[in-house]
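Given next are the chains, with one letter for each unit.
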Amino acid sequence: MRYVLRRLPVLVITLWAAVTLNFLLPRLMPGTPAGAAVAKLAGQGSVSASQRRAIEVMLGVPHGSLASQYWQYLKAIAGGNFGISYTYFPEPVSKVIGAALPWTLALVGTVTVMAFVIGTLLGVLAAWKRGSIFDTAASVGCTFMAAFPYFWTALVLLYVFGFVAGWFPIRGGYSASVSPGWDWSFFVSALGHSVLPAFTILVSGLGGWVLGMRNNMMGVLGEDYIVFAEANGLSPRTVALRYAARNALLPGVTAFGMALGLVVGGSLLTEVVFGYPGIGYLLYNAVVNEDYPLMQALFLVITVSVLMANFVVDLIYGLLDPRVRR
Amino acid sequence: MDTRPPSQSEHAPLLTASGLEVLYEPAGGPPVHAVRGVDISIGQGQLVGLVGESGCGKSTLGYALARLLRPPARIAAGTVVFDSTDITNLDRKSLRGIRHNGLAVVLQSGMNALNPVRRVRGHFHDVLGAQQRLHAAEVDNTAETLLSQVELAPSVLDRYPHELSGGMRQRVAIALALALKPRLVVFDEPTTALDVIVQRAIMDTIARLQAEVGFTALIISHDLGLVLGATDQVWVMYAGRIVERRDSPALATGPLHPYSAALLACQGDPTAEKVELGGIPGSPPDLSKPPEGCAFAPRCWLSGPPCKEEPHEKLVGTGSVTCHMAPTKLEVPKLIRRVDGPSEPIPDSGHGAKVPTTASAAVAKGRGRHRDATTAEPLALIDVTKDFKTKRAAPSEGVQAQGLVQAVAGVSLRLEAGQAMGLVGGSGSGKTTLGRMIVGLERPSSGSITLGNLRVDKLRTRDLPRYWRRVQMVFQDPYAGLNPLHSVGYTVGRAIRNHQGLKGDDYRRELLRLFDTVGLAPPEHYAAKLPHQLSGGQRQRVVIARALAAKPQVLVADEPVSMLDVSLRAEILHLLGELRKNTGASLLYITHDLLSARLVTDQLVVLRQGHIVESGPTSSVLRSPSHPYTVELIAAIPTVQQSQTVPAGAITERPGEPV
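Each value, and the rule that gives it
- Residues numbered from 1 in each chain as written.
- Chains lettered and ligands numbered in written order.
- Predicted model: local features only at pLDDT ≥ 70, side-chain atom pairs only at ≥ 80, totals over all residues.
- Heavy atoms only, no water.
- Contact = heavy atoms within 4.5 Å.
- Buried area = accessible area lost by both parts, 1.4 Å probe.
- Salt bridge = Lys/Arg side-chain N within 4 Å of Asp/Glu carboxyl O.
- Polar contact = N/O pair within 3.5 Å; in protein donor to acceptor, adjacent residues only side chain to side chain.
- Helix = DSSP H or I, 4+ residues; strand = E, 2+ residues; numbered from the N terminus.
- Nonpolar A, V, L, I, M, F, W, Y, C, P; charged D, E, K, R; others polar.
- Buried < 20%, exposed > 50% of the residue type's maximum accessible area, 1.4 Å probe, protein only.
- Pairing = 2+ DSSP bridges.
- Axes fitted to C-alpha atoms, helices over the stretch in contact; angles between N-to-C directions.
- Parallel < 35°, antiparallel > 145°, perpendicular 65-115°, else oblique.
- Left-handed = near helix turned anticlockwise from the far one by under 90°.
- Domains from an automatic or database assignment.
- Right-handed = clockwise from strand over helix to strand, strands pointing away.

J.: It is not clear to me how the interface of chain A and chain B should be interpreted in this structure. Could you clarify?
T.: Where interface size is quoted, it is often the accessible area lost as the parts come together. The partner chain B presents 31 residues to the 29 residues of chain A that form the contact. Counting each side, the surface lost to burial between chain A and chain B is near 2700 Å², with a carbon and sulfur contribution of 56%. On the chain A side of the interface with chain B, the three residues burying the most area are A:F228, A:E230 and A:N232, jointly 22% of the side's total. Seen at the junction of chain A and chain B, the total is two salt bridges. With a closest N to O distance of 3.8 Å, B:R70 and A:E230 form a salt bridge. If you look at where chain A meets chain B, you find 10 residue pairs in polar contact (both at pLDDT 80 or more). Those elements that place two or more of their residues in the side of chain A that touches chain B are α9 (224-231) and α10 (236-263) of chain A. Here the side of chain A that touches chain B is composed, by residue class, of 13 nonpolar, five polar and 11 charged.

J.: What am I meant to see in the environment of A:V273 here?
T.: Mapped onto the fold, A:V273 is located in helix α11 (residues 268-274). Taking C-alpha positions, A:V273 is 25 Å from A:G141, a pair spaced 132 residues apart along the chain.

J.: Can you walk me through the side chain of A:N232 in this structure?
T.: Mapped onto the elements of the fold, A:N232 is located in the loop between α9 and α10. For A:N232, a relative accessible area of 2% gives the class buried.

J.: I would appreciate a short explanation of the sheet that holds strand β5 (residues 85-86) of chain B in the present structure.
T.: Backbone-to-backbone hydrogen bonds pair the strands of a sheet. The strands run either parallel or antiparallel. All names here are of chain B. Spatially, four strands are ordered β2-β1-β4-β5 in an open sheet, and the strand pairing comes out antiparallel. In this open sheet, the two edge strands, each paired with only one partner strand, are β2 (32-43) and β5. Here strand β4 (residues 73-82) runs beside β5; their pairing, made up of two bridges, is antiparallel. Paired with V81 across the strands is D86, a residue of β5. Helix α1 (residues 58-65) rests against β1 (13-24), β2 and β4 of the sheet, and its axis sits at about 120° to β1.

J.: Got a minute to help me understand the packing of helix α14 (residues 488-500) of chain B against helix α15 (residues 504-517) of chain B in this structure?
T.: The relative placement of two packed helices comes down to the angle between their axes together with the axis-to-axis distance. Residues and elements named next belong to chain B. At their nearest, the axes of α14 and α15 sit 10 Å apart, and the two run at 120° to each other. On the basis of their axis angle, the class for α14 and α15 is oblique. Crossing handedness for the pair α14 and α15: right-handed. Contacts between α14 and α15 pair V488, G489, V492, G493, I496, R497 and Q500 from the former with Y507, E510, L511, L514 and F515 from the latter. Of the residues contributing to the contact of α14 with α15, the split by class is seven nonpolar, three polar and two charged.

J.: What should I look at first to understand the pattern of salt bridges in this one?
T.: Proximity of charged atoms lets side chains of opposite charge pair with each other. Residues and elements named next belong to chain B. All chains considered together, the criterion is met by 33 salt bridges over all chains. Residues D457 and R455 are paired through a salt bridge, measuring 2.9 Å at the closest nitrogen-oxygen approach. One salt bridge connects D506 with R509, and the closest N-O pair in it is separated by 2.8 Å. Taken together, the residues D506 and R509, both in helix α15 and three residues apart, mark about one turn of the helix. D506 gets classed as partly exposed once you look at its relative accessible area, which sits at 41%. Its relative accessible area of 54% is what places R509 among the exposed residues.

J.: Is there a simple way to explain the domain arrangement of chain A in this structure?
T.: Residue and element names in this part refer to chain A. Domain annotation for chain A reports domain 1 (2-78) and domain 2 (93-320). Here domain 1 and domain 2 have C-alpha centroids that lie 33 Å from each other. Each partner contributes residues to the interface: domain 1 has 17 residues there, and domain 2 has 12 residues. Both sides of the domain 1 and domain 2 interface together cover about 1200 Å² of buried area, and 77% of this is carbon and sulfur. Considering only the side of domain 1, the residues that lose the most area to domain 2 are Y3, L11 and N22, jointly responsible for 37% of the buried surface there. Viewed at the interface, domain 2 and domain 1 are joined by one salt bridge. The residue D314 makes a salt bridge to R7 at a minimum N-O spacing of 3.2 Å. The interface formed by domain 1 and domain 2 includes two residue pairs in polar contact (both at pLDDT 80 or more). At the level of elements, α1 (2-28) and α4 (66-78) are the ones that each hand at least two residues to the side of domain 1 that touches domain 2. Per-element accounting of the side of domain 1 that touches domain 2 gives the leading share, 13 residues, to α1.

J.: Whenever I open this one, the pairing of strand β8 (residues 216-221) of chain B confuses me. Can you help?
T.: Looking along a regular strand, one sees side chains alternate from face to face of the sheet. Residues and elements named next belong to chain B. Among the six residues in β8, six count as buried, and that is most of the element. Side-chain alternation along β8 places T216, L218 and I220 on one buried face and A217, I219 and S221 on a second face that is also buried. Pairing geometry for strand β3 (residues 47-51) and β8, over five bridges, is parallel. Bridge assignment links V51 to a residue of β8, and that residue is S221. Here five bridges tie strand β7 (residues 184-188) to β8, and the two strands are oriented parallel to one another. Within the sheet, the bridge partner assigned to F187 lies in β8 and is I219. Handedness of the β-α-β unit built from β7, helix α6 (residues 196-213) and β8 comes out right-handed.

J.: I keep staring at the sheet that holds strand β6 (residues 103-106) of chain B and nothing clicks. Help me out?
T.: Residue and element names in this part refer to chain B. The eight strands are arranged β6-β7-β8-β3-β9-β10-β13-β12 in an open sheet whose pairing can be described as mixed. Across the chains shown, the open sheet's two edge strands, defined by having one partner strand only, are β6 and β12 (313-316). With direction set aside, neighbouring strand axes in the sheet form an average angle of 20°. The strands that helix α5 (residues 166-178) touches are β6 and β7; relative to β6, the one it contacts most, it runs at about 175°.

Laid out in structure tokens, this is it:
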């Protein structure tokens, strides 16, 4: 418990810093969204005073001191109010993000966990059977797989299985014939749509986990306590799992924490390629359409989730490694 | 230690090995022939020691006997028979049966022998549970009994390894090995890296358990003194072979192989009136190209024409020796000597001429040409303390649960210009912290440190580099102390540029002179080497050369020989002594090793838990100690009743003449 309490202040301070930076950065950029919109219109002809007024009302212009703006901003965030999205006008940003988040969490989250679990297990096996055919195949295969750019993998999969073979849908999160809801047909449709993107992310992520775990494990296998455990007549299974893998897992947990934090950011290119309605696709649209409120809110959500994930992993690490516990 | 089973030869052998060969076949490297034809047997209840320098194959042999070798190492030929079962090619599963049936191993120092994320209780559950199904309560009971056998409290069961001290961890490892109800225990360097007093306590525990439980033991160690005191029989190993196999008392008093004699000459009694130390120049051969003829010949002062042939084993009483020259009267050349009262290292002996890298030769050449130190000044410490904040106290050390630990508690001492002072004590005595404060790496919590008129404790960080021209430190670990990516010439050269600002020819001359001074000749040859191409002793010489580049007034040497083989100890100590004489620098020698302190220092300060408990002239402190702690430190040194009783052997007065 003391361990948790000691880490809490750090979390609070970093969170505050992230929120504040998110407030300051757009304000450090020259110009305002309204100014930019007016300038764009002015390129097509003169802008009347009422037009300018309408744009300013819609997009908002800063008023009041920086401190009061900051206060307003904090209050708004606390109430979950991130403003109105330009792209999805007049939907509020919080609602837009709320709609995209489950898609990303379900797809990228599940696949990240799967990649970690499968990759780590394969890594343990490769290291334990070091020098075997399996080890060689896994190591070479993973290096090979990790060398592909993942959007390229995505395009190939899309072409082969979606376009040529037609086994899987080409884009979207579910087919137009079903409507989102807790029913079987929607679930099947969503699952079918997620196969190709999931496979893409898995292929691109798996290799790293396998190789990382294999290398950690090889290092640990050289430790005295492994030799001693073997000399004490423990079963190979116990030595491999409880002594070697258990210790080799520790560095992987930290990396997993970072990977989890990035889940919320979505897998940008994958989502764009497959037109998947997740956060990554949303971010892409926000950038393309200069949708500042959406962008700002997305950045905040992504930052906060990275911080939270790291905090949680920090706590888990404390459970796993008694040496960092105090 | 006194209760030892009766004589050995009647017992049926418990473990035998014949024609044992071990090969390391690293990928992309030449195969290394680490064990080359070893025939041995250990009788029931015997305590056997296996000694040799690092790289002689002793640990490999121990691992081979316990069937713990892993790729790229393998048993290439020969057999290992344990309790009339041939275990040479036994598969993993049957091997586990053998282990549960009594073949146990305790690894080097036990520091890393325990799974860091598992409590001690878990270790016992794993080991006991692997043998038979037991209830948790039964396991706990057995574990508590085993822990009490190694003098640990049951509360240790709930600790993680990192919460235990080194000695406690080693005791846990021994208890785990005992859980196998072993009939043979192989101890691989069981006390290396432990504090001297703890070391003694562990050895006593092993001896007591051996008597109580009655297991047979093989103790592998680089420390001949320790092994001789604790075993019935000793095997001396060199270059993958057993070169001498003798009953311990016989070996202690009359070694037959020059290598054994030389190893024995590296031991000494710091409390004797006259202390001399020999060394073995050079290093063990590279076993990827096993030498023709006698492997020891290149380092042997007795070697002659017959040594070009492979020597054969000659039986001597109950033992044997493998040497053409044996049995000859063995006089080992000594490198350094201390006699009660004012004394000096032995003047250059014939030995130096034979091996060009020996320090003495080179120092003699450099003598008189340079006086390195500027006018030396005394170093004074007044009431120095150092507090450390602790995260969590190690339960063994008896420190308060949390808060401040006083590493140094009010130490005052004065190192006169040109003097050599020893700072001795066990681990946790504050000796290293004191050294670090003197060179400005730590700042005292209170008190003052002055060099001449300079307040060292008040120095700002940016003034430290200038201070380091006057005070230099030689660290313990010559392996970690050098950047592996730079040639040693570059490393020393950097120090010359930084401290002396020399360039061009002057720089080059100074670099070569320094290499010459520390006995690395020819200097051009050594300066171009990378650290991994040098032996441990040569690396430590480079570290000393780097310290000398600053022309320091004070040299602080923190355990400069403790990581080196004993065979190199005398060389380095001799070098330190010579340098001090030739440069006029004063020396602060920090160590737990009383013998080396006796050899290089005039004054001795004994520290215990941050306090000075005793100080005075080195020989009188060691020969008539007044504080119980000093007495305890001295008692912890394994004593070999070698020298005094035996007129022949290693100890004659004359500096060794090549025979």
